[in-house]
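One letter stands for each residue in the lines below.
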Amino acid sequence: MKNVLVTYYSKTNTTKMIAEKIGELISSESLKVSIQPIEATTRLSDYDGVIIGAPIHGMRWATEIVDYINLHASELKDIKTAYFFSSYIIKTGSGFWRRAITKSLDTVNELISPIQKGKFGGRVEKVFGGFPRLIFGIKKSSPIDVVDWEEVAAFADLLKVEL
Ligand SMILES: Cc1cc2nc3c(=O)[nH]c(=O)nc-3n(C[C@H](O)[C@H](O)[C@H](O)COP(=O)(O)O)c2cc1C
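Residues numbered from 1 in each chain as written. Predicted model: local features only at pLDDT ≥ 70, side-chain atom pairs only at ≥ 80, totals over all residues.

Undergrad: When you look at the overall build of the protein in this model, what are you seeing that I'm missing?
TA: Of the regular secondary structure elements, the protein holds 7 helices and 6 strands. On C-alpha atoms alone, the protein measures out to a radius of gyration of 16 Å, which is about the 15 Å that the 2.2 N^0.38 rule sets for 163 residues. Considering only C-alpha atoms, the protein reaches an extent of 50 × 30 × 25 Å along its principal axes. By the burial criterion, 31% of the 163 residues in the protein qualify as buried. Of the contacts made within the protein by residues no fewer than 6 positions apart, 83% connect residues no fewer than 24 positions apart. (Helix = DSSP H or I, 4+ residues; strand = E, 2+ residues; numbered from the N terminus. Rg over C-alpha atoms; globule rule 2.2 N^0.38 Å. Buried ≥ 20, exposed ≤ 12 C-beta atoms within 10 Å, placed from the backbone. Contact = placed C-beta atoms within 7 Å.)

Undergrad: I tried to follow helix α1 (residues 14-26) on my own but got confused; where do I start?
TA: An α-helix turns once per 3.6 residues; consequently, residues spaced three or four apart project the same way. Across its 13 residues, α1 extends 19 Å between first and last C-alpha, which sits within 8% of the 18 Å expected from 1.5 Å per residue. Residues of α1 that are buried: Thr14, Thr15, Ile18, Ala19, Ile22, Gly23 and Ile26. On its buried side, α1 packs onto β1 (2-8), β2 (31-37), β3 (49-57), β5 (80-87), β6 (116-121) and α7 (149-162). (Expected span 1.5 Å × (residues − 1).)

Undergrad: What is the right way to look at the site of the ligand in this model?
TA: The full set close to the ligand counts 20 residues, and Thr14, Thr15, Pro55, Ile89 and Gly122 are the nearest of them. Where the shell around the ligand is concerned, the elements lending two or more residues are α1, β3, β5 and α3 (89-92). Taken together, the residues of the shell around the ligand sort by class into 7 nonpolar, 10 polar and 3 charged. (Near = placed C-beta within 6 Å. Nonpolar A, V, L, I, M, F, W, Y, C, P; charged D, E, K, R; others polar.)

Undergrad: Help me understand the nonpolar core, please; the structure alone is not making it clear to me.
TA: In summary, soluble globular proteins display a tendency toward joint burial of nonpolar side chains. The biggest cluster of nonpolar side chains holds 31 residues, and the ones touching the most others in it are Val4, Val6, Ile22, Ile26, Ile51 and Leu159. If you list the elements that add at least two residues to this core, you get β1, α1, β3, α2 (63-76), β5 and α7. Residue contributions to this core peak at 5 residues, all from β3. Once you skip the residues sitting within four places of it in the chain, Ile51 turns out to touch Val4, Val6, Ile22, Ala82, Tyr83 and Leu159. (Core = buried A, V, L, I, M, F, W, Y, C linked by C-beta atoms within 7 Å.)

Undergrad: Which parts of the structure should I look at to understand the pairing of β2?
TA: In regular strands, side chains alternate between the two faces of the sheet. Relative to β2, β1 runs parallel, the two being bridged by 7 bridges. Along β2, the bridge assignment pairs Lys2 with Leu31. As for the winding sense of the linkage, the β-α-β connection from β1 through α1 to β2 is right-handed. (Pairing = 2+ DSSP bridges. Right-handed = clockwise from strand over helix to strand, strands pointing away.)

Undergrad: Looking at this model, I keep getting lost on the packing of α1 against α7. Mind explaining?
TA: The axes of two packed helices give the description: the angle between them and the distance between them. Where α1 meets α7, the axes come as close as 9 Å, and the angle between the chain directions of the two elements is 45 degrees. Classed by the angle they form, the pair α1 and α7 counts as oblique. Of the two possible hands of crossing, α1 and α7 adopt the one that is right-handed. Mapping the contact onto sequence places Ile18, Lys21, Ile22, Leu25 and Ile26 in α1 and Val152, Ala153, Phe155, Ala156, Leu159 and Lys160 in α7. Its residues placed into classes, the contact of α1 with α7 shows 9 nonpolar, no polar and 2 charged. (Axes fitted to C-alpha atoms, helices over the stretch in contact; angles between N-to-C directions. Parallel < 35°, antiparallel > 145°, perpendicular 65-115°, else oblique. Left-handed = near helix turned anticlockwise from the far one by under 90°.)

Undergrad: Even after reading the chapter, I still don't get the environment of Ile90, so can you show me in this structure?
TA: For Ile90, the location among the structural elements is in helix α3. Residues Ile90 and Thr102, spaced 12 residues apart in sequence, show a C-alpha to C-alpha distance of 8.5 Å. With sequence-adjacent residues up to four places away left out, Ile90 is seen in contact with Ile56, Arg98, Ile101, Lys119 and Gly121.

Undergrad: In this structure, what is going on with the environment of Ser30? I would like to understand it.
TA: Within the fold, Ser30 resides in the loop between α1 and β2. Looking at Ser30, the number of C-beta atoms within 10 Å reads 9, which means it is exposed. Those residues in contact with Ser30, other than ones at most four positions away along the chain, are Met1 and Lys2.

Undergrad: Help me understand unusual backbone geometry in this model?
TA: Peptide bonds are, in most cases, trans, and in most cases residues other than glycine have a negative phi. At Met59, a position not held by glycine, the phi torsion is positive, near 65 degrees. The partly exposed category is assigned to Met59, around which 17 C-beta atoms lie within 10 Å. Positive phi is not limited to glycine here, since Ser113 has a value of about 40 degrees. Mapping Ser113 onto the fold places it in the loop between α5 (106-112) and β6. Overall, Ser113 belongs to the exposed group, with 11 C-beta atoms counted inside 10 Å.

Here is the structure:
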């Protein structure tokens, strides 16, 4: 039996919901899964695999999660680590911003060499006004919730094989 931690930072619960879904989908007789917010985690070395999730804020991975990864980088080096983010613009915005978001993960990629990277759509609380839509290249018809649960399930399927 392997122990796996799914840990997340979430401001408005979307990443939390994705983390819980991933935890539920990878859980099996051979994978014991704990799902916890980053503040609740203790010794990462107790786990064989760690999956880390957080939203995109200001076109980069939330500072809270980058700080967490920096703090635990030496432990994570010896553990199979995967990550995911949830972002509204990654699904709705222009290529310029989508590339900027992906690029913001470069440092983390070097630090932890992830076995999988999930780039999921996210959810915002209300529709964007005309000015931010223009700046970010968001189509007027975009719904407020762009989480694609099939992508989340496909990510979980890959993890089941690789963990
Ligand atoms: C303060 C704040 C800033 C945000 N900035 C961005 C951003 O720069 N790019 C983006 O794609 N989404 C941005 N979002 C949207 C979130 O990344 C997205 O909706 C995510 O799914 C929210 O996850 P959470 O509910 O776990 O906090 C922002 C949301 C908030 C609340």
